[in-house]
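Read off the chains here:
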Amino acid sequence: MSDRLDVRKTYKLFVGGAFPRSESGRSYEVLDATGAFLANAAQASRKDARDAVLAARKGFDAWSAATAYNRGQVIYRIAEVMEGRRAQFIADVIDAEGASTPVAEQQVDAAIDRWVWYAGWADKIAQVLGSANPVAGPYFNFSVPEPTGIVAAVAPRDSSLLGLVSVIAPIIVSGNSCIVMASQARPVPAITLAEVLATSDVPAGVVNILTGDSAEVMPWLASHADVNALDLTGVADAELAAALEAQAADTVKRVRLSAPDADWSGSPGLARIRAFVETKTVWHPLGV
Amino acid sequence: MEAPSRMTFEYAPAPESRAVVDIAATYGLFIDGEFVEPIDGAAFKTINPATEEVLTEVSEAGAADVAAAIAAARRAYETVWSRMSGRERAKYLFRIARIIQERARELAVLESLDNGKPIRESRDVDLPLVAAHFFYYAGWADKLEYAGLGPNPRSLGVAAQVIPWNFPLLMLAWKVAPALAAGNTVVLKPAETTPLTALLFADICRQADLPPGVVNILTGAGETGRLLVSSSGINKVAFTGSTDVGKAIQRSVAGTRIPVTLELGGKAANIVFDDAPLDEAIEGIVNGIFFNQGHVCCAGSRLLVQESIADDVLDRLKRRLATLRVGDPLDKNTDVGAINSAAQLARIIELAEAGDSEGAQRWSAPCALPDRGFWFAPTLFTGVTQAHRIAREEIFGPVLSILTFRTPDEAIDKANNTPYGLSAGIWTEKGSRILWMASRLRAGVIWANTFNRFDPTSPFGGYKESGFGREGGLPGLAAYLSNDEEAGSR
C-alpha cells in the first residue's frame, strides 16, 4: 500500500454544463454507508434552482431542436463513457448504498444498460406514440409527441445511481431538459454521473443536478413559471409531495407522482416517457 | 357601412321549428337510471339566452345528491359495467350513437335553444360530431388490448366529469364516450346555463337500456362541480372549462393520486403570411373567432398578420363581417347567435372596454341586434400590442385582436408569448413554412390553411396552462385506462 496521500475531489453542483459551488456558499456532510465521512456536498439554494431553470431553458432549446437520431447517439455516448468509469461507479455505489460488490456491479451495469435501452427509444417514440388520424373529411391529420419542456425531478433516496438514471433518461430522451435533485444522503454517484454527462456531448443545461434538501429547493421549482413539469418520484414525505402538487397547479404543470419505494430492476416501460410528452396534432386540407 | 351600389337581396326568415322538442316543466337529477328529486339540493331556472325566456327549472345537486350519484356509479361499476365484456359495452355505445343520430334534430334544436348557438352549427357541427364520438369510441370498447397500454389495461372506476356551456352535448360526448368504452362509469355535471341536452341524453340512455348507474347526470352550478371533483369516492377527474377552475381542481386533487385530465382556456394565434390564399384565409379567420360566437377555447382570438398585407386583410375582414347575420339562433340563415349568458356578456363588454382604454381601436360589424337576450356584434381591435389585456386574456366572445409581424421568427415569438397553448393557425401556400411553423408553435392543435376542425380520431388538448391530457383518438381513450406500469402521472 502506498503511503501517498490521495487527492480528494470537491463535490459541486452541475448547472448549465459547469460545476459551480452553491451560490449560498453552503455545504453539508455526506457520510458513507458505515457512517464515516465521505464528502462535503454543495447545499443548493433558491438561487441555484433559478440559475438551473435558466440553464435548462437554454438546454431545452438546443436539445429539443436536435434530431431524434442525434439524441439517441448522445444518450448512447453516455453509456459508453459510463462504461469507461465502471469501477468508479461501483466504488461510489458501495460507499453510498453499502452494497456488496456484486450488488453494486449489478446496479452499475443495469444503469449503463438503461441508457442503452433509452438511447434506442429516441427515434421510436414518435412512431409508437404518434399517429396518422383518419378524420372524416378532406384533411391530412397527424399527431406527434413533443417534449413538455423543463422537468424538475427528485431522484430516489435509496437507489443512488440506477434510480437516478431511471429518472433522468426518460425525461431527456424525448427532448426535455431537467433539473434533478440528487438523493440528499447519497449524492456522490450523481456527481460522478454529472462528470460523465459533461463529457458525453450532452448540450449544456439539458441535465442539471442539484444536491441538498429537496424540501428546501423543490418548492421554488414547483412554483417557477418556466418549469413545465414535476417528477416527484423520490419524494418520500407525502405532505411535501401534496404541497408540491398543489404548487404545480398555479401554472398547470404536469406531475409524475411520488414513488419513493419504486423497484428499478424491471423493464421501465413507456410510462415515464409518456409522462413528459405533449401530443401535437396538425391538420391540413387535401386538394389540388 | 359603404353605400350599397348594387342591388341587395334581403333574407326571408327561415326558422327551424321548435315543435320537435318537448321540454318538461321541471327536471330532477338522473341518478341510478331514473330522475329523482334532489335530497339536499335546490332548483334553478335555465333560460334561452336569445330571448331570456325561461325554458324550464332544473335541480341543483347538493352534497348528498353527489354522494348518491357516486354510490350509484360505484355500484354499477362493480356489479355490471366493469364485468361486462368489451363487446357488450361496445354494442351499448353503438346503440347510443344510433339514437343520437335518430334524435339529432331534436337535440340540435334543444342545444340552440338552451345555448344560443346558431342551428346551422348545432345541426351541422355539434350533433354529427357527438354521434361520431360515440361511434368511434364504441369500436374501442372490445379492443383495449390494442391501445398501447399493455396486454390488459384496466378501467379506472368512477369518473367525475365537469363540462362547459359552449358545446354542451359535444363535451358530454367527449367525456362520456371514452370513459364508458374503457369500462368506467360516470357522474357528469353539465354547465349551469346549458343543462338541457345532457338531461335529454339521460333519456337516450334509457332508450338504449343502458344499465342503471352507468351514466349519472347532476345538474348544478360551480358548487355542485366542486363537490363532485373533490369527492372521495371517485377514481378520475375530467374537466373542461376555465383555467382558473382547472387550477383549483388540480390543487384540490393534490395528494390524492387521482388521475386528472384538464382542457382549459386558450388564446390562439391565427398567423397569416403574405403568400396565404387570402379568400380562404379570410373565411378561416372569421370561422376561427366567430364560430360559436367565439365561445371556443381554441378560438383564433389573436390574428397575427404579416405587415405587408395587414391593410388588405383588414379591409377584406370588415367587408366579410358586414355580411355576417347575427340574430335568432333557430334561423337557418344565422351565422352568429346569442352570447350564452348575461355574465359572459358582461365579461366580453368589460374586456372590450379594456381594449378601448388601453389604446386599441375598435371596429364592430354594423348589424342590428335583437332587443331582448344577450348579444355582442362581431368586433375587431387593431393597434393591439402584446401587453394589452385583449391580447393576453381569453375573451371567449366574438372579439378578434389583430397584431402584425414581419418575419416568421417574430410570428413564432408572438404566437408563443402566452401562458396558454391550446391551438394555433397558419395560413401560407408554402409547405415547408407550414411544417417549420407547426413544429415551433407550442400548442396542441395546429390548423394549417384551415381552422376549428374537429374529429373523434384527432387528439385535442393543450400545452402549458391550456391543460393536460388529450381528448379524441387513442390518447383520449388512454386517459380512462390504467395499467400497473402507467399509473402515477397527472
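Residues numbered from 1 in each chain as written. Chains lettered and ligands numbered in written order. Predicted model: local features only at pLDDT ≥ 70, side-chain atom pairs only at ≥ 80, totals over all residues.

Trainee: Could you give an account of the overall build of chain A, with specific residues and numbers?
Mentor: In terms of helices and strands, chain A carries 10 helices and 10 strands. Relative to a compact globule of 288 residues, whose C-alpha radius of gyration would be 19 Å, chain A shows 20 Å and is just as compact. When each of the 288 residues of chain A is scored for burial, the buried share is 54%. Relative to all contacts within chain A whose residues are 6 or more apart in sequence, the contacts with residues 24 or more apart total 76%. (Helix = DSSP H or I, 4+ residues; strand = E, 2+ residues; numbered from the N terminus. Rg over C-alpha atoms; globule rule 2.2 N^0.38 Å. Buried ≥ 20, exposed ≤ 12 C-beta atoms within 10 Å, placed from the backbone. Contact = placed C-beta atoms within 7 Å.)

Trainee: Describe the overall build of chain B, with residues and values.
Mentor: Helix and strand content of chain B: 15 helices and 20 strands. Along the first, second and third principal axes, the C-alpha set of chain B runs to 70 × 50 × 35 Å. The burial tally for chain B puts 61% of its 490 residues in the buried class.

Trainee: Outline the sheet that holds strand β7 (residues 207-210) of chain A, supporting the account with residue identities and numerical values.
Mentor: Residues and elements named next belong to chain A. The strand order across the open sheet formed by 5 strands is β7-β6-β5-β8-β9, and the pairing between neighbours is parallel. Each having just a single partner strand, β7 and β9 (254-256) make up the two edges of the open sheet. Strand-to-strand twist across the sheet, computed as the mean angle between neighbouring axes with direction ignored, equals 15°. With 5 bridges joining them, strand β5 (residues 150-154) and strand β6 (residues 177-181) adopt parallel strand pairing. Bridging from a neighbouring strand, Val-151 pairs with Cys-178 of β6. Against the sheet, helix α8 (residues 214-222) touches β5, β6, β7 and β8 (229-231), its axis set at about 160° to β5. (Pairing = 2+ DSSP bridges. Axes fitted to C-alpha atoms, helices over the stretch in contact; angles between N-to-C directions.)

Trainee: Give me the interface of chain B and chain A: which residues, what numbers.
Mentor: On the chain A side, the residues contacting the 41 residues of chain B number 34 residues. Of all the secondary structure elements, the ones that give two or more residues to the side of chain B that touches chain A are α8 (243-252), α14 (431-440), β18 (445-448), β19 (467-468) and α15 (473-478) of chain B. Tallied by class, the residues present in the side of chain B that touches chain A amount to 16 nonpolar, 14 polar and 11 charged. Sheet topology note: the strand β10 (residues 277-285) of chain A/β18 of chain B ladder contains 3 bridges and is parallel. Residue pairing across strands places Trp-283 of chain A opposite Trp-447 of chain B, the latter belonging to β18 of chain B. (Nonpolar A, V, L, I, M, F, W, Y, C, P; charged D, E, K, R; others polar.)

Trainee: Pulling in residues and values, what's your account of the nonpolar core?
Mentor: Formed by 266 residues in total, the largest nonpolar core has its most connected members in Val-180 of chain A together with Leu-93 and Ile-271 of chain B. Aside from chain neighbours lying at most four places away, what touches Ile-271 of chain B is Leu-304, Ala-411, Ala-415, Ala-424, Gly-425, Ile-426, Trp-427 and Met-437 of chain B. (Core = buried A, V, L, I, M, F, W, Y, C linked by C-beta atoms within 7 Å.)

Trainee: Break down the packing of helix α3 (residues 104-115) of chain B against helix α6 (residues 196-207) of chain B for me, with residues and values.
Mentor: All names here are of chain B. It is at 9 Å that the axes of α3 and α6 come closest, and there the two elements cross at 155°. Relative to α6, the element α3 is oriented roughly antiparallel. Taken together, the residues of α6 that come into contact with α3 (itself represented by Leu-107, Leu-110, Glu-111 and Asp-114) are Leu-196, Thr-197 and Leu-200. Looking at the contact of α3 with α6 residue by residue, the classes come out as 4 nonpolar, 1 polar and 2 charged. (Parallel < 35°, antiparallel > 145°, perpendicular 65-115°, else oblique.)

Trainee: Got a sec to walk through the pairing of strand β15 (residues 379-382) of chain B? Specific residues and values, please.
Mentor: All names here are of chain B. Of the strand pairs in this sheet, strand β14 (residues 361-364) and β15 are connected by 4 bridges, and their pairing is antiparallel. Across the sheet, Arg-362 pairs through a bridge with Phe-381, a residue of β15. The pairing of β15 with strand β16 (residues 399-405) spans 3 bridges and is parallel. The partner of Thr-379 across the bridge, within β16, is Val-399.

Trainee: Can you break down the sheet that holds strand β1 (residues 26-27) of chain B residue by residue, with the values?
Mentor: Strand pairing in a sheet takes place through backbone hydrogen bonds and is either antiparallel or parallel in direction. All names here are of chain B. With respect to topology, 3 strands assemble into an open sheet ordered β1-β5-β4, the strand pairing being mixed. Strand pairing shows two members of the sheet lacking a second neighbour, β1 and β4 (42-47), which therefore form its edges. The pairing of β4 with strand β5 (residues 54-60) spans 6 bridges and is classified as antiparallel. Its bridge partner being in β5, Lys-45 is matched across the sheet by Glu-57.

Trainee: Please provide a residue-by-residue account of the packing of α8 of chain A against helix α9 (residues 238-248) of chain A, values included.
Mentor: Residues and elements named next belong to chain A. Where α8 contacts α9, the axes come no closer than 9 Å and their chain directions differ by 20°. With respect to their mutual orientation, α8 and α9 come out roughly parallel. Relative to α9, α8 is oriented so that their crossing is right-handed. Only Leu-240, Leu-244, Gln-247 and Ala-248 of α9 make contact with α8, whose side of the interface consists of Ala-215, Met-218, Pro-219 and Ala-222. Looking at the contact of α8 with α9, its residues break down into 7 nonpolar, 1 polar and no charged. (Left-handed = near helix turned anticlockwise from the far one by under 90°.)

Trainee: Account for unusual backbone geometry, naming residues and giving values.
Mentor: Residues and elements named next belong to chain B. Although it is not a glycine, Asp-32 adopts a positive phi angle of roughly 55°. Structurally, Asp-32 can be placed in the loop between β2 (29-31) and β3 (34-36). Positive phi is not limited to glycine here, since Asn-449 has a value of about 55°. Within the element layout of this structure, Asn-449 appears in the loop between β18 and β19.

Trainee: I'd like a rundown of α9 of chain A, residues and numbers included.
Mentor: All names here are of chain A. When we look at burial in α9, the residues that qualify are Ala-241, Leu-244, Glu-245, Gln-247 and Ala-248. One side of α9 holds all its buried residues, which, seen down the axis, span an arc of 160°. Elements that come into contact with the buried residues of α9 comprise α8, β8 and β9. (Arc of directions from axis to C-beta.)

Trainee: Explain the environment of Ala-238 of chain B to me, and be specific about the residues and the numbers.
Mentor: Residue and element names in this part refer to chain B. Residue placement: Ala-238 occurs in strand β10 (residues 236-240). Taking the C-beta count within 10 Å as the criterion, Ala-238 has 29 such neighbours and is therefore assigned buried. Linking Ala-238 and Gln-161, residues 77 residues apart in sequence, is a C-alpha distance of 4.8 Å. In this structure, Ala-238 is in contact with Ala-159, Gln-161, Lys-175 and Thr-261, ignoring residues within four places of it in sequence.

Trainee: Pulling in residues and values, what's your account of the environment of Gly-17 of chain A?
Mentor: All names here are of chain A. Looking at the element boundaries, Gly-17 is found in the segment before β1 (27-31). On the basis of neighbour count, Gly-17 is assigned to the partly exposed category, with 18 C-beta atoms found within 10 Å. Considering only alpha carbons, one finds Gly-17 and Ala-275, 258 residues apart in sequence, at a separation of 25 Å. Sequence-distant contacts of Gly-17, defined by excluding residues within four places in its chain, comprise Ala-198, Ala-204 and Gly-205.

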